[in-house]
Amino acid sequence: MHSQKGTTILSLPALTGTATLLGICVALGVGLLIGAERERRKGTGPTRAVAGIRTFALASLLGAVGMLLGGSLVLAVVALVVGGLTILGYQRSRQHDPGMTTEIALVLTCLLGGLAMHEAALAAGIGTALAVLLAAKNRLHYFVSSVLTEQELHDALLFSAAVLILLPLAPNRFFGPFDAINPREIVTLVVLVMGVSAFGYIAMRSLGPRFGLPLAGLAAGFISSTATIYSMGNRAARYPNQIKGATAGAALSSVATMVQLAFVITVVEPALLKIVGLPLMLGGIAAVGYGLLFVRSAFRADADPHSELGRAFDPRAAVVFALLVSGILLVSAAVNTWLGSKGMLLSAAVTGLVDAHATAASAASLAAAGRASLEQAAWPVLMGLTTNSAVKIAAAYKAGGKAFAARIAPGIILMVVAAWAGMWI
(Lines give C-alpha, C1' and ligand atoms only; values in the text may rest on other atoms or scores of the structure.)
Protein backbone atom coordinates (compact mmCIF):
# COMPACT_ATOMS: atom_id res chain seq x y z
CA MET A 1 0.00 0.00 0.00
CA HIS A 2 1.40 3.42 -0.93
CA SER A 3 0.12 6.98 -1.02
CA GLN A 4 0.28 9.32 -3.99
CA LYS A 5 -0.98 12.91 -3.64
CA GLY A 6 -3.20 11.93 -0.77
CA THR A 7 -4.79 9.02 -2.65
CA THR A 8 -4.40 5.55 -1.18
CA ILE A 9 -3.92 2.79 -3.72
CA LEU A 10 -3.94 -0.93 -2.94
CA SER A 11 -0.96 -2.64 -4.54
CA LEU A 12 -1.44 -6.31 -5.33
CA PRO A 13 1.42 -8.81 -5.30
CA ALA A 14 3.20 -9.15 -8.62
CA LEU A 15 2.31 -12.16 -10.72
CA THR A 16 4.89 -14.47 -12.19
CA GLY A 17 4.63 -15.72 -15.76
CA THR A 18 3.35 -19.12 -14.64
CA ALA A 19 0.78 -17.59 -12.29
CA THR A 20 -0.40 -15.24 -15.04
CA LEU A 21 -0.84 -18.08 -17.49
CA LEU A 22 -2.68 -20.16 -14.90
CA GLY A 23 -5.00 -17.25 -14.08
CA ILE A 24 -5.81 -16.64 -17.74
CA CYS A 25 -6.52 -20.33 -18.31
CA VAL A 26 -8.79 -20.53 -15.27
CA ALA A 27 -10.62 -17.36 -16.29
CA LEU A 28 -11.17 -18.75 -19.79
CA GLY A 29 -12.27 -22.11 -18.40
CA VAL A 30 -14.75 -20.51 -16.02
CA GLY A 31 -16.21 -18.36 -18.80
CA LEU A 32 -16.54 -21.33 -21.15
CA LEU A 33 -18.10 -23.52 -18.46
CA ILE A 34 -20.74 -21.01 -17.43
CA GLY A 35 -21.27 -19.87 -21.01
CA ALA A 36 -21.83 -23.44 -22.21
CA GLU A 37 -24.65 -23.84 -19.72
CA ARG A 38 -26.19 -20.51 -20.72
CA GLU A 39 -25.83 -21.30 -24.44
CA ARG A 40 -28.20 -24.27 -24.07
CA ARG A 41 -30.85 -21.94 -22.66
CA LYS A 42 -30.14 -19.00 -24.94
CA GLY A 43 -32.71 -19.82 -27.55
CA THR A 44 -32.76 -18.58 -31.14
CA GLY A 45 -34.26 -15.78 -33.14
CA PRO A 46 -35.12 -12.28 -31.97
CA THR A 47 -36.14 -13.48 -28.51
CA ARG A 48 -32.82 -15.19 -27.73
CA ALA A 49 -30.96 -14.31 -24.54
CA VAL A 50 -28.35 -11.58 -24.48
CA ALA A 51 -25.32 -13.80 -23.80
CA GLY A 52 -24.03 -17.23 -24.75
CA ILE A 53 -20.79 -19.14 -24.55
CA ARG A 54 -18.66 -16.59 -26.41
CA THR A 55 -19.98 -13.60 -24.47
CA PHE A 56 -19.35 -15.29 -21.12
CA ALA A 57 -15.85 -16.37 -22.13
CA LEU A 58 -15.02 -12.84 -23.30
CA ALA A 59 -16.44 -11.28 -20.12
CA SER A 60 -14.30 -13.56 -17.96
CA LEU A 61 -11.18 -12.81 -19.98
CA LEU A 62 -11.99 -9.10 -19.83
CA GLY A 63 -12.06 -9.28 -16.05
CA ALA A 64 -8.74 -11.14 -16.02
CA VAL A 65 -7.05 -8.64 -18.33
CA GLY A 66 -8.47 -5.73 -16.34
CA MET A 67 -7.03 -7.15 -13.11
CA LEU A 68 -3.72 -7.82 -14.86
CA LEU A 69 -3.39 -4.30 -16.25
CA GLY A 70 -4.64 -2.13 -13.43
CA GLY A 71 -5.62 -4.21 -10.42
CA SER A 72 -8.86 -3.82 -8.50
CA LEU A 73 -9.60 -0.32 -9.78
CA VAL A 74 -9.56 -1.30 -13.46
CA LEU A 75 -11.50 -4.48 -12.66
CA ALA A 76 -14.21 -2.34 -11.03
CA VAL A 77 -14.42 -0.14 -14.14
CA VAL A 78 -14.59 -3.20 -16.39
CA ALA A 79 -17.35 -4.73 -14.23
CA LEU A 80 -19.32 -1.47 -14.44
CA VAL A 81 -19.00 -1.46 -18.22
CA VAL A 82 -20.15 -5.08 -18.45
CA GLY A 83 -23.00 -4.29 -16.06
CA GLY A 84 -24.06 -1.31 -18.19
CA LEU A 85 -24.06 -3.36 -21.37
CA THR A 86 -25.99 -6.07 -19.57
CA ILE A 87 -28.67 -3.57 -18.54
CA LEU A 88 -29.02 -2.45 -22.15
CA GLY A 89 -29.43 -6.07 -23.23
CA TYR A 90 -32.00 -6.67 -20.53
CA GLN A 91 -34.09 -3.75 -21.76
CA ARG A 92 -34.45 -5.63 -25.04
CA SER A 93 -35.19 -9.08 -23.63
CA ARG A 94 -37.29 -8.33 -20.54
CA GLN A 95 -40.56 -8.47 -22.46
CA HIS A 96 -39.95 -12.11 -23.35
CA ASP A 97 -37.98 -13.13 -20.24
CA PRO A 98 -38.31 -10.89 -17.16
CA GLY A 99 -35.74 -12.93 -15.23
CA MET A 100 -32.24 -11.52 -14.66
CA THR A 101 -30.33 -14.73 -13.98
CA THR A 102 -28.20 -14.54 -17.14
CA GLU A 103 -27.42 -10.85 -16.65
CA ILE A 104 -26.29 -11.31 -13.05
CA ALA A 105 -24.27 -14.40 -13.99
CA LEU A 106 -22.51 -12.41 -16.72
CA VAL A 107 -21.35 -9.70 -14.31
CA LEU A 108 -20.27 -12.33 -11.77
CA THR A 109 -18.33 -14.17 -14.46
CA CYS A 110 -16.43 -10.99 -15.24
CA LEU A 111 -15.51 -10.60 -11.57
CA LEU A 112 -14.48 -14.27 -11.39
CA GLY A 113 -12.12 -13.67 -14.29
CA GLY A 114 -10.41 -10.95 -12.26
CA LEU A 115 -10.36 -13.15 -9.15
CA ALA A 116 -8.68 -15.94 -11.12
CA MET A 117 -5.56 -13.81 -11.55
CA HIS A 118 -4.77 -14.00 -7.83
CA GLU A 119 -6.97 -16.80 -6.44
CA ALA A 120 -7.25 -19.30 -9.28
CA ALA A 121 -8.50 -22.20 -7.16
CA LEU A 122 -11.16 -20.07 -5.46
CA ALA A 123 -12.34 -18.63 -8.78
CA ALA A 124 -12.55 -22.11 -10.30
CA GLY A 125 -14.56 -23.39 -7.33
CA ILE A 126 -17.01 -20.49 -7.37
CA GLY A 127 -17.35 -20.72 -11.14
CA THR A 128 -18.13 -24.43 -10.97
CA ALA A 129 -20.68 -23.85 -8.21
CA LEU A 130 -22.30 -21.11 -10.32
CA ALA A 131 -22.52 -23.40 -13.34
CA VAL A 132 -24.08 -26.17 -11.25
CA LEU A 133 -26.57 -23.71 -9.76
CA LEU A 134 -27.57 -22.47 -13.21
CA ALA A 135 -27.89 -26.01 -14.61
CA ALA A 136 -30.07 -27.10 -11.69
CA LYS A 137 -32.75 -24.52 -12.47
CA ASN A 138 -35.56 -26.98 -13.20
CA ARG A 139 -34.68 -29.27 -10.31
CA LEU A 140 -34.46 -26.39 -7.85
CA HIS A 141 -37.75 -24.91 -9.02
CA TYR A 142 -39.45 -28.29 -8.79
CA PHE A 143 -37.99 -28.99 -5.34
CA VAL A 144 -39.02 -25.64 -3.89
CA SER A 145 -42.46 -25.45 -5.50
CA SER A 146 -43.53 -29.11 -5.55
CA VAL A 147 -41.45 -31.11 -3.06
CA LEU A 148 -41.08 -28.67 -0.18
CA THR A 149 -44.27 -27.74 1.61
CA GLU A 150 -44.84 -24.20 2.79
CA GLN A 151 -44.37 -25.33 6.40
CA GLU A 152 -41.07 -27.06 5.56
CA LEU A 153 -39.80 -23.93 3.85
CA HIS A 154 -40.82 -21.88 6.88
CA ASP A 155 -38.99 -24.29 9.21
CA ALA A 156 -35.89 -24.22 7.01
CA LEU A 157 -35.82 -20.43 7.14
CA LEU A 158 -36.38 -20.46 10.90
CA PHE A 159 -33.54 -22.93 11.43
CA SER A 160 -31.24 -20.90 9.17
CA ALA A 161 -32.04 -17.75 11.13
CA ALA A 162 -31.23 -19.52 14.41
CA VAL A 163 -27.90 -20.82 13.09
CA LEU A 164 -26.75 -17.79 11.10
CA ILE A 165 -28.18 -14.93 13.19
CA LEU A 166 -29.03 -15.91 16.77
CA LEU A 167 -26.07 -18.22 17.37
CA PRO A 168 -23.32 -15.78 16.25
CA LEU A 169 -24.95 -12.86 18.10
CA ALA A 170 -25.46 -14.69 21.40
CA PRO A 171 -22.80 -13.57 23.96
CA ASN A 172 -20.32 -16.32 24.76
CA ARG A 173 -19.74 -15.52 28.42
CA PHE A 174 -20.96 -16.76 31.79
CA PHE A 175 -22.97 -14.64 34.19
CA GLY A 176 -25.87 -14.88 36.63
CA PRO A 177 -25.98 -17.00 39.80
CA PHE A 178 -22.76 -18.98 40.22
CA ASP A 179 -21.71 -17.82 36.73
CA ALA A 180 -23.66 -20.76 35.32
CA ILE A 181 -25.64 -19.06 32.51
CA ASN A 182 -24.11 -18.79 29.05
CA PRO A 183 -26.41 -17.42 26.32
CA ARG A 184 -24.33 -19.00 23.56
CA GLU A 185 -24.74 -22.44 25.12
CA ILE A 186 -28.49 -21.95 25.54
CA VAL A 187 -28.91 -21.00 21.88
CA THR A 188 -26.66 -23.92 20.91
CA LEU A 189 -28.98 -26.29 22.76
CA VAL A 190 -31.99 -24.83 20.96
CA VAL A 191 -30.25 -25.27 17.59
CA LEU A 192 -29.17 -28.78 18.58
CA VAL A 193 -32.71 -29.94 19.37
CA MET A 194 -34.06 -28.32 16.22
CA GLY A 195 -31.31 -29.94 14.15
CA VAL A 196 -31.85 -33.40 15.63
CA SER A 197 -35.60 -33.13 15.08
CA ALA A 198 -35.10 -31.95 11.51
CA PHE A 199 -32.70 -34.82 10.84
CA GLY A 200 -35.28 -37.28 12.10
CA TYR A 201 -37.96 -35.64 9.98
CA ILE A 202 -35.84 -35.86 6.82
CA ALA A 203 -35.07 -39.52 7.48
CA MET A 204 -38.73 -40.20 8.22
CA ARG A 205 -39.90 -38.47 5.07
CA SER A 206 -37.32 -40.33 2.97
CA LEU A 207 -37.78 -43.80 4.48
CA GLY A 208 -41.06 -43.55 6.35
CA PRO A 209 -41.63 -43.51 10.14
CA ARG A 210 -40.98 -47.25 10.45
CA PHE A 211 -37.44 -47.09 9.07
CA GLY A 212 -36.43 -43.43 9.16
CA LEU A 213 -36.97 -42.67 12.84
CA PRO A 214 -34.94 -45.64 14.21
CA LEU A 215 -32.01 -44.85 11.91
CA ALA A 216 -32.23 -41.14 12.70
CA GLY A 217 -32.31 -41.83 16.44
CA LEU A 218 -29.20 -44.01 16.28
CA ALA A 219 -27.27 -41.44 14.24
CA ALA A 220 -28.50 -38.40 16.20
CA GLY A 221 -27.53 -40.10 19.46
CA PHE A 222 -23.90 -39.40 18.61
CA ILE A 223 -24.78 -35.70 18.69
CA SER A 224 -26.81 -35.80 21.89
CA SER A 225 -28.74 -38.78 23.20
CA THR A 226 -30.72 -36.63 25.64
CA ALA A 227 -31.73 -34.18 22.92
CA THR A 228 -32.65 -37.11 20.67
CA ILE A 229 -34.87 -38.69 23.32
CA TYR A 230 -36.54 -35.33 23.95
CA SER A 231 -37.11 -34.74 20.23
CA MET A 232 -38.47 -38.24 19.66
CA GLY A 233 -40.74 -37.89 22.69
CA ASN A 234 -42.08 -34.60 21.43
CA ARG A 235 -42.80 -36.20 18.05
CA ALA A 236 -44.49 -39.20 19.65
CA ALA A 237 -46.72 -36.92 21.74
CA ARG A 238 -47.74 -34.75 18.80
CA TYR A 239 -48.17 -37.58 16.30
CA PRO A 240 -49.25 -40.81 18.09
CA ASN A 241 -49.10 -42.81 14.86
CA GLN A 242 -45.30 -42.42 14.92
CA ILE A 243 -44.77 -43.58 18.51
CA LYS A 244 -43.27 -46.96 17.58
CA GLY A 245 -40.64 -45.49 15.28
CA ALA A 246 -39.92 -42.64 17.69
CA THR A 247 -39.50 -45.05 20.59
CA ALA A 248 -37.10 -47.20 18.58
CA GLY A 249 -35.04 -44.14 17.67
CA ALA A 250 -34.95 -42.90 21.27
CA ALA A 251 -33.95 -46.32 22.59
CA LEU A 252 -31.15 -46.72 20.04
CA SER A 253 -29.75 -43.27 20.84
CA SER A 254 -28.41 -44.68 24.13
CA VAL A 255 -26.17 -47.02 22.15
CA ALA A 256 -24.27 -43.96 20.98
CA THR A 257 -23.74 -42.91 24.62
CA MET A 258 -21.89 -46.12 25.43
CA VAL A 259 -19.79 -45.92 22.26
CA GLN A 260 -18.83 -42.31 22.95
CA LEU A 261 -17.92 -43.05 26.58
CA ALA A 262 -15.56 -45.80 25.42
CA PHE A 263 -14.06 -43.48 22.81
CA VAL A 264 -13.50 -40.61 25.26
CA ILE A 265 -11.82 -42.89 27.80
CA THR A 266 -9.63 -44.47 25.13
CA VAL A 267 -8.43 -41.05 24.00
CA VAL A 268 -7.75 -39.65 27.49
CA GLU A 269 -6.53 -42.69 29.44
CA PRO A 270 -6.56 -46.01 27.52
CA ALA A 271 -5.59 -47.98 30.63
CA LEU A 272 -8.89 -47.04 32.29
CA LEU A 273 -10.74 -48.93 29.56
CA LYS A 274 -9.39 -52.19 31.00
CA ILE A 275 -11.63 -51.61 34.02
CA VAL A 276 -14.68 -49.93 32.54
CA GLY A 277 -14.57 -51.77 29.21
CA LEU A 278 -16.74 -54.66 30.41
CA PRO A 279 -19.35 -52.42 32.08
CA LEU A 280 -19.63 -50.25 28.98
CA MET A 281 -19.86 -53.31 26.74
CA LEU A 282 -22.61 -54.88 28.84
CA GLY A 283 -24.49 -51.59 28.98
CA GLY A 284 -24.16 -51.22 25.22
CA ILE A 285 -25.42 -54.76 24.62
CA ALA A 286 -28.43 -54.05 26.84
CA ALA A 287 -29.15 -50.83 24.96
CA VAL A 288 -28.85 -52.55 21.57
CA GLY A 289 -31.06 -55.45 22.63
CA TYR A 290 -33.77 -53.24 24.07
CA GLY A 291 -33.67 -50.91 21.10
CA LEU A 292 -33.98 -53.79 18.63
CA LEU A 293 -37.19 -54.89 20.33
CA PHE A 294 -38.81 -51.60 19.38
CA VAL A 295 -37.16 -51.59 15.96
CA ARG A 296 -38.81 -54.95 15.29
CA SER A 297 -42.11 -53.59 16.50
CA ALA A 298 -41.74 -50.49 14.32
CA PHE A 299 -40.85 -52.53 11.23
CA ARG A 300 -43.89 -54.78 11.71
CA ALA A 301 -46.27 -51.85 12.05
CA ASP A 302 -48.58 -51.30 9.13
CA ALA A 303 -47.51 -48.35 7.00
CA ASP A 304 -50.14 -45.65 6.65
CA PRO A 305 -49.55 -43.73 3.39
CA HIS A 306 -51.88 -40.98 4.61
CA SER A 307 -50.27 -40.53 8.02
CA GLU A 308 -49.36 -37.00 8.98
CA LEU A 309 -45.62 -36.28 9.00
CA GLY A 310 -45.96 -33.12 11.05
CA ARG A 311 -43.36 -30.38 11.32
CA ALA A 312 -39.62 -30.79 11.07
CA PHE A 313 -39.28 -29.44 14.63
CA ASP A 314 -41.15 -27.59 17.34
CA PRO A 315 -39.32 -24.35 18.24
CA ARG A 316 -41.10 -24.04 21.58
CA ALA A 317 -40.11 -27.57 22.57
CA ALA A 318 -36.50 -26.77 21.69
CA VAL A 319 -36.57 -23.65 23.88
CA VAL A 320 -38.13 -25.59 26.78
CA PHE A 321 -35.39 -28.23 26.54
CA ALA A 322 -32.67 -25.57 26.57
CA LEU A 323 -34.21 -23.94 29.64
CA LEU A 324 -34.44 -27.28 31.43
CA VAL A 325 -30.79 -28.08 30.77
CA SER A 326 -29.82 -24.56 31.84
CA GLY A 327 -31.68 -25.13 35.11
CA ILE A 328 -29.74 -28.35 35.63
CA LEU A 329 -26.50 -26.47 34.94
CA LEU A 330 -27.47 -23.89 37.55
CA VAL A 331 -28.15 -26.59 40.14
CA SER A 332 -24.88 -28.31 39.25
CA ALA A 333 -22.92 -25.09 39.67
CA ALA A 334 -24.60 -24.38 43.00
CA VAL A 335 -23.78 -27.83 44.37
CA ASN A 336 -20.15 -27.57 43.28
CA THR A 337 -19.87 -24.10 44.83
CA TRP A 338 -21.41 -25.10 48.15
CA LEU A 339 -19.77 -28.49 48.60
CA GLY A 340 -16.54 -28.03 46.69
CA SER A 341 -14.50 -31.07 45.68
CA LYS A 342 -15.41 -33.29 48.64
CA GLY A 343 -15.47 -36.44 46.60
CA MET A 344 -15.11 -37.67 43.06
CA LEU A 345 -18.42 -39.54 43.13
CA LEU A 346 -20.44 -36.51 44.23
CA SER A 347 -18.78 -34.31 41.63
CA ALA A 348 -19.34 -36.96 38.96
CA ALA A 349 -23.00 -37.30 39.90
CA VAL A 350 -23.54 -33.56 39.59
CA THR A 351 -21.61 -33.25 36.32
CA GLY A 352 -23.37 -36.30 34.90
CA LEU A 353 -26.70 -34.51 35.15
CA VAL A 354 -25.59 -32.48 32.16
CA ASP A 355 -23.06 -34.62 30.28
CA ALA A 356 -21.87 -38.16 30.99
CA HIS A 357 -18.99 -37.76 28.56
CA ALA A 358 -17.60 -34.77 30.47
CA THR A 359 -17.65 -36.86 33.64
CA ALA A 360 -15.78 -39.69 31.95
CA ALA A 361 -13.22 -37.30 30.50
CA SER A 362 -12.66 -35.66 33.89
CA ALA A 363 -12.21 -38.99 35.68
CA ALA A 364 -9.88 -40.30 32.98
CA SER A 365 -7.85 -37.09 33.16
CA LEU A 366 -7.36 -37.53 36.91
CA ALA A 367 -6.16 -41.08 36.32
CA ALA A 368 -3.84 -40.00 33.53
CA ALA A 369 -2.34 -37.30 35.77
CA GLY A 370 -1.78 -39.78 38.61
CA ARG A 371 -4.18 -37.95 40.92
CA ALA A 372 -6.42 -41.02 41.16
CA SER A 373 -5.93 -44.73 40.65
CA LEU A 374 -7.64 -46.52 37.79
CA GLU A 375 -10.05 -48.15 40.24
CA GLN A 376 -10.91 -44.80 41.82
CA ALA A 377 -11.48 -43.22 38.42
CA ALA A 378 -13.76 -46.03 37.21
CA TRP A 379 -16.58 -45.45 39.69
CA PRO A 380 -17.23 -41.79 38.71
CA VAL A 381 -17.66 -42.88 35.08
CA LEU A 382 -20.62 -45.07 36.04
CA MET A 383 -21.94 -42.48 38.48
CA GLY A 384 -22.06 -39.89 35.71
CA LEU A 385 -23.76 -42.40 33.41
CA THR A 386 -26.37 -43.08 36.09
CA THR A 387 -27.35 -39.48 36.77
CA ASN A 388 -27.30 -38.68 33.06
CA SER A 389 -29.65 -41.60 32.49
CA ALA A 390 -32.01 -40.16 35.10
CA VAL A 391 -32.08 -36.91 33.13
CA LYS A 392 -32.90 -38.88 29.97
CA ILE A 393 -35.89 -40.48 31.67
CA ALA A 394 -37.04 -37.08 32.88
CA ALA A 395 -36.65 -35.68 29.34
CA ALA A 396 -38.69 -38.59 27.95
CA TYR A 397 -41.47 -37.92 30.45
CA LYS A 398 -41.45 -34.17 29.87
CA ALA A 399 -41.57 -34.46 26.08
CA GLY A 400 -43.61 -37.60 25.48
CA GLY A 401 -45.65 -38.07 28.63
CA LYS A 402 -46.18 -41.24 30.66
CA ALA A 403 -46.76 -43.51 27.65
CA PHE A 404 -43.47 -42.62 25.99
CA ALA A 405 -41.47 -42.58 29.23
CA ALA A 406 -42.87 -46.01 30.17
CA ARG A 407 -41.39 -47.39 26.96
CA ILE A 408 -38.02 -45.67 27.27
CA ALA A 409 -37.28 -45.91 31.01
CA PRO A 410 -36.95 -49.73 31.23
CA GLY A 411 -34.30 -49.76 28.51
CA ILE A 412 -32.30 -46.98 30.14
CA ILE A 413 -32.53 -48.63 33.55
CA LEU A 414 -31.52 -51.98 32.06
CA MET A 415 -28.50 -50.35 30.45
CA VAL A 416 -27.39 -48.76 33.73
CA VAL A 417 -27.95 -51.95 35.74
CA ALA A 418 -25.95 -53.96 33.20
CA ALA A 419 -23.09 -51.45 33.41
CA TRP A 420 -23.01 -51.56 37.23
CA ALA A 421 -23.20 -55.37 37.15
CA GLY A 422 -20.21 -55.41 34.85
CA MET A 423 -18.35 -53.18 37.27
CA TRP A 424 -19.04 -55.45 40.24
CA ILE A 425 -18.01 -58.48 38.19
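Source: prediction; values computed, not measured.

The rules behind the values
- Residues numbered from 1 in each chain as written.
- Predicted model: local features only at pLDDT ≥ 70, side-chain atom pairs only at ≥ 80, totals over all residues.
- Heavy atoms only, no water.
- Helix = DSSP H or I, 4+ residues; strand = E, 2+ residues; numbered from the N terminus.
- Buried < 20%, exposed > 50% of the residue type's maximum accessible area, 1.4 Å probe, protein only.
- Contact = heavy atoms within 4.5 Å.
- Areas by Shrake-Rupley, 256 points an atom, 1.4 Å probe, with all protein chains shown as cover.
- Patch = residues over 30% accessible without salt bridge, like charges linked within 9 Å, V, L, I, M, F, W, Y side chains within 5 Å.
- Salt bridge = Lys/Arg side-chain N within 4 Å of Asp/Glu carboxyl O.
- Phe/Tyr/Trp six-rings, centres within 6.5 Å; stacked < 30°, edge-to-face > 60°.
- Core = buried A, V, L, I, M, F, W, Y, C linked by side-chain atoms within 4.5 Å.
- pLDDT = per-residue confidence, 0-100.
- Expected span 1.5 Å × (residues − 1).
- Bend = angle between axes of the 7 residues up to and from the residue.

1. Overview of the overall build of the protein
Helix and strand content of the protein: 15 helices and two strands. By residue count, 42% of the 425 residues in the protein fall in the buried class. Considering only contacts in the protein between residues 6 or more positions apart, those separated by 24 or more positions represent 73%. Total accessible area computed for the protein in this model is approximately 22,000 Å², and 68% of it derives from carbon and sulfur atoms.

2. Some remarks on a nonpolar patch on the surface
Residues Val-77, Val-81, Leu-85 and Leu-88 make up a contiguous nonpolar surface patch of about 390 Å² in total accessible area. Secondary-structure assignment places Leu-85 in helix α2 (residues 53-93).

3. Digging into the packing of aromatic side chains
A full pass over the atoms with the stated rule returns three aromatic pairs. Connected via pairs of aromatic rings, a cluster forms that spans Trp-379, Trp-420 and Trp-424.

4. Observations concerning the nonpolar core
Core analysis: the largest hydrophobic core is formed by 64 residues, its most contacted members being Leu-272 and Phe-404. Of all elements in the fold, only α7 (183-207), α8 (209-220), α9 (225-238), α10 (243-268), α11 (273-300), α12 (315-339), α14 (356-368) and α15 (374-424) reach the threshold of two or more residues within this core. Per-element accounting of this core gives the leading share, 16 residues, to α15. Excluding residues that lie within four positions of it along the chain, Phe-404 makes contacts with Ile-229, Met-232, Gly-233, Ala-236, Ala-246, Thr-247, Ala-250 and Ala-396. Judged by nonpolar contacts, the second largest core, of 23 residues, contains Ala-105, Ala-120, Leu-130 and Leu-134.

5. Description of the environment of Val-82
With respect to the helices and strands, Val-82 occurs in helix α2. A relative accessible area of 8% means that Val-82 is categorised as buried. Put simply, Val-82 and Leu-106 are 24 residues apart on the chain and 7.9 Å apart in space, counted from C-alpha to C-alpha. Discounting chain neighbours no more than four positions away, the residues touching Val-82 are Leu-62, Leu-106, Val-107 and Cys-110.

6. A short note on the confidence of the model for the protein
Of the residues in the protein, 85% reach a pLDDT of 70 or more, and the chain-wide mean stands at 81. Per-element confidence in the protein is highest for helix α4 (residues 120-135), whose mean pLDDT is 92, and lowest for strand β2 (residues 7-9), whose mean pLDDT is 41. Low pLDDT (under 50) marks residues 1-13, which in the prediction has 14 contacts with non-local residues, meaning those over four places away or in another chain.

7. What to know about the environment of Ile-181
Counting through the fold element by element, Ile-181 comes out in the loop between α6 (150-169) and α7. If we ignore the near neighbours within four places in the chain, the residues touching Ile-181 are Arg-173, Phe-174, Phe-175, Ile-186 and Ser-326.

8. A look at α6
End to end, α6 covers 28 Å across 20 residues, agreeing with the expected 28 Å (1.5 Å per residue, within 8%). Ala-162 marks the point of greatest bend in α6, at about 30 degrees. All of the buried residues in α6 are Glu-152, Asp-155 and Ala-162. Those residues of α6 that are buried lie in contact with α5 (137-147) and α7.

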